Amino acid sequence: MSLVAEAFVTQLAAAEPWPENAALYQQLKEEQILLSDNASSLAVQAFLQMCNLPIRVVCRANAEYMSPSGKVPFIHVGNQVVSELGPIVQFVKAKGHSLSDGLDEVQKAEMKAYMELVNNMLLTAELYLQWCDDVTVEEITHPRYGSPYPWPLNRILSYQKQWEVRRKMKAIGWAGKTLEQVLEDVDQCCQALSQRLGTQPYFFNKQPTELDALVFGHLFTILTTQLTTDELSEKVKNYSNLTAFCRRIEQQYFEGHDKDSATTVAARSAKRSLLR
Amino acid sequence: MAAPMELFCWAGGWGLPSVDPDCLAVLTYARFTGAPLKVHRVTSPWRSPSGRLPALKTQDEGTISKMQQIITHLRKQKYNADYDLSATQGADTLAFVSLLEEKLLPVLIHTFWVDAKNYVEHTRKWYTETIPFPLNFFLPNCMHKQHLERLQLMWGDSYMEDEEKLEKELYRDARECLTLLSQRLGSQKFFFGDSPASLDAFVFSRLAPLLKAKLPNGKLQQHLKSLQNLCNYCTSILSLYFPWDGGEPPASVPRAAGADGGDTEEDPHKRRNQLLSVLVGLAAMLGYAFLSGIVSIQRGGTGLAGRQPITLEEEEEEEEE
């Protein structure tokens, strides 16, 4: 889109208020969605909750193909479709809602840097675990990823996706890492986040920002997803302020809503299983 | 303390000790911590023990090839630039390094290696001139393809095909990243006070090539030059830690500051090669001359003497005219 057209569309977007029927699309929650996609989706939902914007979650088997960038989740607002947390934050900002307006320049720099840290380390570690670790791939990823489709399409799609993710891992240099090294990186990332959070309720003291939404999305999903081993969630549980942070956001923004949200209020100790 | 370790890295150019960002990061970190390294500035990856650059050859752990692993190894050997940092500062280091790697480094790679004008007129030219024969015919192209593939996998096809979108969004993010760095640095000497840390090594290694290279298509470069504190930061690190490297041309002027033994290895070979090629040329000409009979040596040297009367006759003819 040329610059003029894009400015025009942004104006249009800004002009319309947030509609009641905004929808967020993701894959099927019980059978199909994977760890990394669930985390991204939860992060967007948390962000929209924090902005007090109503959204309903729609589960479709082909959500990935519907998305304009190929990644989930994406939101359908009015006649616009926006995918991934970064562009969604900007889109919401154009509509006049922003969580990070109260931050000064240095804090904004830090917020962006920490968001990149989460994307760079946590998200990549999740992708590694589900697509490059053979045990997890066999037992969880392959059965789940193609589950809405008949054989042989389900196998073909999973192998295709696996090949694509492995190529990307090779390009960024993660292909040579062992599982222990990846878990070590996750631990480092959690340590950095824990130190940054300290004893504050949110990362930038009183008000939640998109960084809080992103961290919540990933950590909560890691804590509540049952994989072949518990090592990943153990790494997060080592940091008590992070688990307290997740609980706090869950209670504040997700409890008491009877819509189809990804967090279930039922006993926090019972892990929600994503195994088939 | 281990015996001195050997570091193999790309040669210097454009006023920098090394042109490759990863090699520069390792060099800078070593300078910051005072680690005793024997530096070999090589002009082709085939000279390094592991086939890739940068490479650190240690006594007990073999050869380490990735920048992060090299820095971790140096830390383990007690050369730790982050010793004085608080926990929050350590966390900030991780975060800013991630920001650089995600937002700035891919765009830098694009500027140097994929952008058509820059690649052809600047990067490829430098590498072709520096890498020795016969590698210089295919190695730069190989590196270009590698970088292109990496960017394609990271960004997806939609960005690679649509130049305008790429320029608008990704370069905008990179410019924003530079501005954020500038704001974070403020008016301090280094990112965490008065002594340099590993984050400074990272930031310097990404910014310095962008600042120093003379790129024909330099929009990102112009943005960096407009951020005065970052420019001062880079030049002060260069002058403080690499005083005799800055400003030297990449041509084969033998480096008089004898700390780098690796450079003088190149010259004798070059002279020898030149001499050899001249000798081979002469031998080929003489051999052809003898074989085809243009010149023949007869016993007693009359062949050579026989030529002279011919020339004398010619001169007489000329005089007559």
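The coordinates are above.
Conventions used here
Residues numbered from 1 in each chain as written. Chains lettered and ligands numbered in written order. Predicted model: local features only at pLDDT ≥ 70, side-chain atom pairs only at ≥ 80, totals over all residues. Heavy atoms only, no water. Helix = DSSP H or I, 4+ residues; strand = E, 2+ residues; numbered from the N terminus. Contact = heavy atoms within 4.5 Å. Core = buried A, V, L, I, M, F, W, Y, C linked by side-chain atoms within 4.5 Å. Buried < 20%, exposed > 50% of the residue type's maximum accessible area, 1.4 Å probe, protein only. Pairing = 2+ DSSP bridges. Right-handed = clockwise from strand over helix to strand, strands pointing away. Axes fitted to C-alpha atoms, helices over the stretch in contact; angles between N-to-C directions. Buried area = accessible area lost by both parts, 1.4 Å probe. Salt bridge = Lys/Arg side-chain N within 4 Å of Asp/Glu carboxyl O. Patch = residues over 30% accessible without salt bridge, like charges linked within 9 Å, V, L, I, M, F, W, Y side chains within 5 Å. Areas by Shrake-Rupley, 256 points an atom, 1.4 Å probe, with all protein chains shown as cover.

Novice: Teacher, can you tell me more about the environment of Leu123(A) here?
Specialist: Of note, Leu123(A) is situated in helix H5 (residues 105–132). Aside from chain neighbours lying at most four places away, what touches Leu123(A) is Ser36(A), Ser40(A), Val118(A) and His218(A).

Novice: Help me understand the nonpolar core, please; the structure alone is not making it clear to me.
Specialist: It is characteristic of soluble globular proteins that their nonpolar side chains tend to be buried jointly. All names here are of chain A. Grouped together as the largest cluster of nonpolar side chains are 165 residues, with contacts concentrated most on Trp18, Phe47, Leu48, Ile75, Leu193, Phe216 and Phe245. In this structure, isoleucine 75 is in contact with Trp18, Ala23, Leu24, Val44, Leu48, Ile55, Gln80, Val81, Val82, Ile88 and Phe91, ignoring residues within four places of it in sequence. Val58, Ala63, Val72 and Phe74 belong to the second largest nonpolar core, which has 6 residues in total.

Novice: Would you mind showing me how to read the pairing of strand E1 (residues 5–10) of chain B here?
Specialist: Here is the key point about a regular strand: its side chains alternate between the two faces of the sheet. Residue and element names in this part refer to chain B. Burial of E1 is extensive: 5 of the 6 residues sit out of reach of the surface. By the bridge criterion, 6 bridges tie E1 to strand E2 (residues 37–42) in an arrangement that is parallel. Each bridged residue has a counterpart across the sheet, and for glutamate 6 the counterpart in E2 is lysine 38. Following the backbone out of E1, through helix H1 (residues 21–33) and into the adjacent parallel E2, one traces a crossover that is right-handed. Here E1 runs beside strand E3 (residues 55–57); their pairing, made up of 3 bridges, is antiparallel. The partner of glutamate 6 across the bridge, within E3, is lysine 57.

Novice: I'm lost on the sheet that holds E3(B) in this one. Help?
Specialist: Each strand in a sheet pairs with its neighbour through backbone hydrogen bonds, running either in the same direction (parallel) or in the opposite one (antiparallel). All names here are of chain B. Read from one edge to the other, the open sheet built from 4 strands follows the order E2-E1-E3-E4, with strand pairing classed as mixed. Two strands bound the open sheet, and with one partner strand each, they are E2 and strand E4 (63–64). Judged from the 2 bridges that link them, E3 and E4 form a sheet pairing that is antiparallel. Note on E4: the bridge partner recorded for leucine 56 is isoleucine 64. Of the strands in this sheet, E1 and E2 touch H1, which is tilted by about 140° from E1.

Novice: Quick question: what am I supposed to make of the interface of chain A and chain B here?
Specialist: By convention, interface size is frequently given as the accessible area that disappears when the constituent parts associate. Tallying the contact residues gives 25 residues for chain A and 24 residues for chain B. Approximately 2200 Å² of surface area, both sides summed, lies buried where chain A meets chain B, with 60% of it carried by carbon and sulfur atoms. There are 4 salt bridges connecting chain A and chain B. Glu110(A) serves as the salt-bridge partner of Arg184(B), at 3.8 Å between the closest nitrogen and oxygen.

Novice: Looking at this structure, I do not really get a nonpolar patch on the surface. What am I missing?
Specialist: All names here are of chain B. Together, Trp46, Phe133, Phe137 and Phe138 line one region of the surface with nonpolar side chains, adding up to about 600 Å² of accessible area. In this fold, phenylalanine 133 is placed in the loop between helix H4 (116–130) and helix H5 (139–155). In this structure phenylalanine 133 comes out as exposed when scored by relative accessible area, which is 65%.

Novice: Explain the pattern of salt bridges here, please?
Specialist: Per the counting criterion, the structure on display carries 13 salt bridges over all chains. For the salt bridge of Glu234(A) with Lys237(A), the shortest nitrogen-to-oxygen distance reads 3.7 Å. Of the two residues, Glu234(A) and Lys237(A) both sit in helix H10 (residues 231–237), 3 residues apart, roughly one turn of that helix. Classification of Glu234(A) as partly exposed rests on a relative accessible area of 39%. Within the structure, one salt-bridge network assembled from shared partners comprises Glu110(A), Arg196(A), Asp92(B) and Arg184(B).

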